[in-house]
Amino acid sequence: MVGLLLSGNNDENFYRNNNSASSSADVILSKQDAGHHTKNTTDDGDKPLARLLIVDDEYDIVQVLKVGLQQNGFLVNAFTNPQQALQSFKSNAESYSLLLSDVRMPGLSGMQLARKVKETNPDVKVVLMTAFEIKDNEFSKVFPSTQVDGFIQKPVRIRELTDKILSIIGQSDGGSDKED
Amino acid sequence: MTVNPYSDRIVRGNSLEIAETAIEKKKSLIEPGSHTLLVYDDLIAFREIYSQYSRALLSQNEIVVIGTQYETINGVKNTLRLAGVDDVERHLNEGTLFIVDAQQGYQNVESRGMWKFAMSVLSRAKKEGRQGVTGFGDAGSFFSFEKIEELMHYELSLPQKYEDTITTVCSYHLKDFETLTEAQQQTLLDHHFKSIVVE
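Given the structure is predicted, the values throughout are model-derived calculations rather than measurements.

Engineer: Help me understand the overall build of chain A in this model?
Structural biologist: Summing up its helical and strand segments, chain A has five helices and nine strands in all. Along its sequence from the N terminus, chain A presents helices and strands in the succession β-β-β-β-α-β-α-β-α-β-α-β-β-α. Residues classed as buried in chain A amount to 44% of the 180 residues present. Within chain A, residue pairs in contact and separated by at least 24 positions form 62% of the contacts whose partners lie at least 6 positions apart.

So, in structure tokens, the structure goes:
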């Protein structure tokens, strides 16, 4: 199940990943979050804001992120398997603007994936997300030559995530509410 | 569940079968005082096993330490609650259950950090007259930090059987374990008192 509708304050409804026992983290998508860059959504044929590669080993999280960011105008390729994500990335590395990846994944961690992605296309921005405490120097100590452009603490709201991505890829619209 | 015909030290089975062995002490696959290897094929399997064993061990007056890598500490708490562990918060408050970030335990200062923590818990367990300490430690951080040599060195530094009432279950996600060379995998399987492989 992707989400459970919960009643929030101010009549705001939140879709929260409800697989609490099996989930390492939550992503929160509110009705107001979705489509706050609707003029650029791919659904209506407009040019997408950017192409994103999303990787998280939790299926529910990937789905929520994918739907939320697509609704906000991004073209999204999402994977639960980092190896498959890397293969897909390598086949069309120039088309991606940003990698958004979980840090802790078995087989190929977000840090390792980030390094391989940067090796293939150094222009791609990298944002890592985790539900654990963020220690960015931990990453730079282990992989000093790989630049990470941002860290995100889960749980995260789609709106905040969208703004962070836009600011990192240099397409910030200067106010996330103006298209609501 | 199948037992290797050449050695009863390698047990293969599905996670439900393995988790069920926690219920009866005499059927337990995790021998008290042993250095055991667990390879799990997905997080659901790992949850089934550590939660059922934790429930059984806590009821047998043991202290349980869970070092988590791919699941948050709150996620582990929820898993234990769903598995029927009575009053997880009370166990945490009383110090009979510890849920820690394995990455911090293994990588923060040194790879033996988790081990030292478990030994300090053992010292307290003795004072309180507990049966012993059982620790589940996920080794995933050694892979994400690409410290395989350190991992092998750490594993080989621990004996198959301890002279004390401590039991360790070195836990590996299959996707991590498979990145080891065949020789490294075999070394680990051979070195542990018993190896449990979830299929």
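Engineer: How should the nonpolar core be read in this particular structure?
Structural biologist: One broad trend across soluble globular proteins is that nonpolar side chains are buried collectively. Membership of the largest hydrophobic core comes to 52 residues, with the highest contact counts inside it found for B:L38, B:V39, B:I49 and B:V133. Residue contacts for B:I49: discarding those within four places in its chain leaves B:S15, B:I18, B:A19, B:L38 and B:Y40. Counting 41 residues, the second-largest nonpolar core is a separate cluster that includes A:L53, A:V127, A:I158 and A:I165.

Engineer: I keep staring at the interface of chain B and chain A and nothing clicks. Help me out?
Structural biologist: Interfaces are often sized by the accessible area lost when the parts come together. Of the residues lining the interface, 18 residues belong to chain B; the matching set on chain A comes to 15 residues. When contributions to the side of chain B that touches chain A are tallied by element, the ones reaching two or more residues are helix 2 (43–59), helix 3 (73–82), helix 7 (140–144) and helix 9 (174–177) of chain B. Considering each element in turn, the side of chain B that touches chain A owes the most residues, four residues, to helix 3 of chain B. Here the side of chain B that touches chain A is built from residues that sort into five nonpolar, nine polar and four charged.

Engineer: How should I be thinking about the pairing of strand 4 (residues 62–68) of chain B in this particular structure?
Structural biologist: Every regular strand shows the same layout, with side chains that alternate between the two sheet faces. Most of strand 4 of chain B is tucked away: seven of the seven residues are buried. Of the two faces of strand 4 of chain B, the one lined by B:E62, B:V64, B:I66 and B:T68 and the one lined by B:I63, B:V65 and B:G67 are each fully buried.

Engineer: I tried to follow the sheet that holds strand 5 (residues 75–79) of chain A on my own but got confused; where do I start?
Structural biologist: Residue and element names in this part refer to chain A. Read across the sheet, five strands follow the order 5-4-6-7-8 without closing on themselves; strand pairing throughout is parallel. Only two strands of the sheet have a single partner each, and these edge strands are strand 5 and strand 8 (150–153). Here the strands of the sheet are splayed against their neighbours by 20° on average, with no regard to which way each runs. When strand 4 (residues 51–55) meets strand 6 (residues 98–102), the two strands line up parallel, connected through four bridges. Note on strand 6: the bridge partner recorded for I54 is L100. This element, helix 1 (residues 59–71), spans strand 4 and strand 5 of the sheet and lies at about 175° to strand 5.

Engineer: What exactly am I supposed to notice about the pairing of strand 3 (residues 35–40) of chain B here?
Structural biologist: Residues and elements named next belong to chain B. Counting buried positions along strand 3 yields six of six residues, so the element is predominantly enclosed. Of the two faces of strand 3, the one holding H35, L37 and V39 and the one holding T36, L38 and Y40 are both buried throughout. Here six bridges tie strand 3 to strand 7 (residues 166–173), and the two strands are oriented parallel to one another. Looking across to strand 7, one finds that L37 is bridged to C170. With four bridges joining them, strand 3 and strand 8 (residues 194–198) adopt parallel strand pairing. Within strand 8, the position partnered with L38 by the bridge is I196.

Engineer: Where do I start with the environment of B:H191 in this structure?
Structural biologist: Residues and elements named next belong to chain B. Mapped onto the elements of the fold, H191 is located in helix 10 (residues 182–191). You can call H191 partly exposed: it has 17 C-beta atoms within 10 Å. When the C-alpha positions of H191 and H35 are compared, they lie 8.7 Å apart, and in sequence the two are 156 residues distant.

Engineer: Would you explain the confidence of the model for chain A in this entry?
Structural biologist: Do not read the fine detail of predicted coordinates wherever pLDDT is low. All names here are of chain A. Overall, the prediction assigns chain A a mean pLDDT of 78, with 69% of residues at 70 or greater. Here residues 1–26 is a poorly scored stretch, pLDDT under 50, and it has 57 contacts once near neighbours within four places are set aside; other chains count. Taken as a whole, residues 174–180 scores under 50 in pLDDT and shows 10 contacts with residues more than four places along the chain or in a different chain.

Engineer: What's the story with the confidence of the model for chain B in this structure? I'm lost.
Structural biologist: Looking at chain B, pLDDT values average 93 and 97% of them are 70 or higher. Interface confidence for the predicted complex, expressed as ipTM, amounts to 0.90; the pTM equals 0.85.

Engineer: Explain the packing of helix 8 (residues 148–157) of chain B against helix 10 of chain B to me, please; I cannot follow it from the model alone.
Structural biologist: Two numbers describe a pair of packed helices, the interaxial angle and the distance between the axes. Residues and elements named next belong to chain B. Here helix 8 crosses helix 10 at 20°, and the two axes come no closer than 10 Å. Judged by the inter-axis angle, helix 8 sits roughly parallel to helix 10. With respect to the hand of their crossing, helix 8 and helix 10 are arranged in left-handed fashion. Residues M152, E155 and L156 of helix 8 form the contact with helix 10, whose own contacting residues are Q184, T187, L188 and H191. Of the residues that constitute the contact of helix 8 with helix 10, the class distribution is three nonpolar, three polar and one charged.

Engineer: Even after reading the chapter, I still don't get the environment of A:E58, so can you show me in this structure?
Structural biologist: Structurally, the position occupied by A:E58 is in the loop between strand 4 and helix 1. Sequence separation of A:E58 and A:P106 is 48 residues, and the distance between their C-alpha atoms is 11 Å.

Engineer: Please clarify how unusual backbone geometry should be interpreted in this entry.
Structural biologist: Glycine aside, a negative phi is what most residues show, and trans is what most peptide bonds show. With omega at 5°, the peptide bond leading from A:K154 into A:P155 counts as cis. As for its placement among the helices and strands, A:P155 is situated in the loop between strand 8 and strand 9 (156–157). For B:D87, which is not a glycine, the phi torsion comes out positive at approximately 50°. For B:D87, the position within the fold is in the loop between helix 3 and helix 4 (88–94). Using a count of 12 C-beta atoms within 10 Å as the deciding quantity, one classes B:D87 as exposed. At B:E146, a residue that is not glycine, the phi angle is positive and equals roughly 55°. Positionally, B:E146 belongs in the loop between helix 7 and helix 8. Assessed through the 16 C-beta atoms surrounding it within 10 Å, B:E146 is described here as partly exposed.

Reading the values: the criteria
Residues numbered from 1 in each chain as written. Chains lettered and ligands numbered in written order. Predicted model: local features only at pLDDT ≥ 70, side-chain atom pairs only at ≥ 80, totals over all residues. Helix = DSSP H or I, 4+ residues; strand = E, 2+ residues; numbered from the N terminus. Buried ≥ 20, exposed ≤ 12 C-beta atoms within 10 Å, placed from the backbone. Contact = placed C-beta atoms within 7 Å. Core = buried A, V, L, I, M, F, W, Y, C linked by C-beta atoms within 7 Å. Nonpolar A, V, L, I, M, F, W, Y, C, P; charged D, E, K, R; others polar. Pairing = 2+ DSSP bridges. Axes fitted to C-alpha atoms, helices over the stretch in contact; angles between N-to-C directions. pLDDT = per-residue confidence, 0-100. Parallel < 35°, antiparallel > 145°, perpendicular 65-115°, else oblique. Left-handed = near helix turned anticlockwise from the far one by under 90°.

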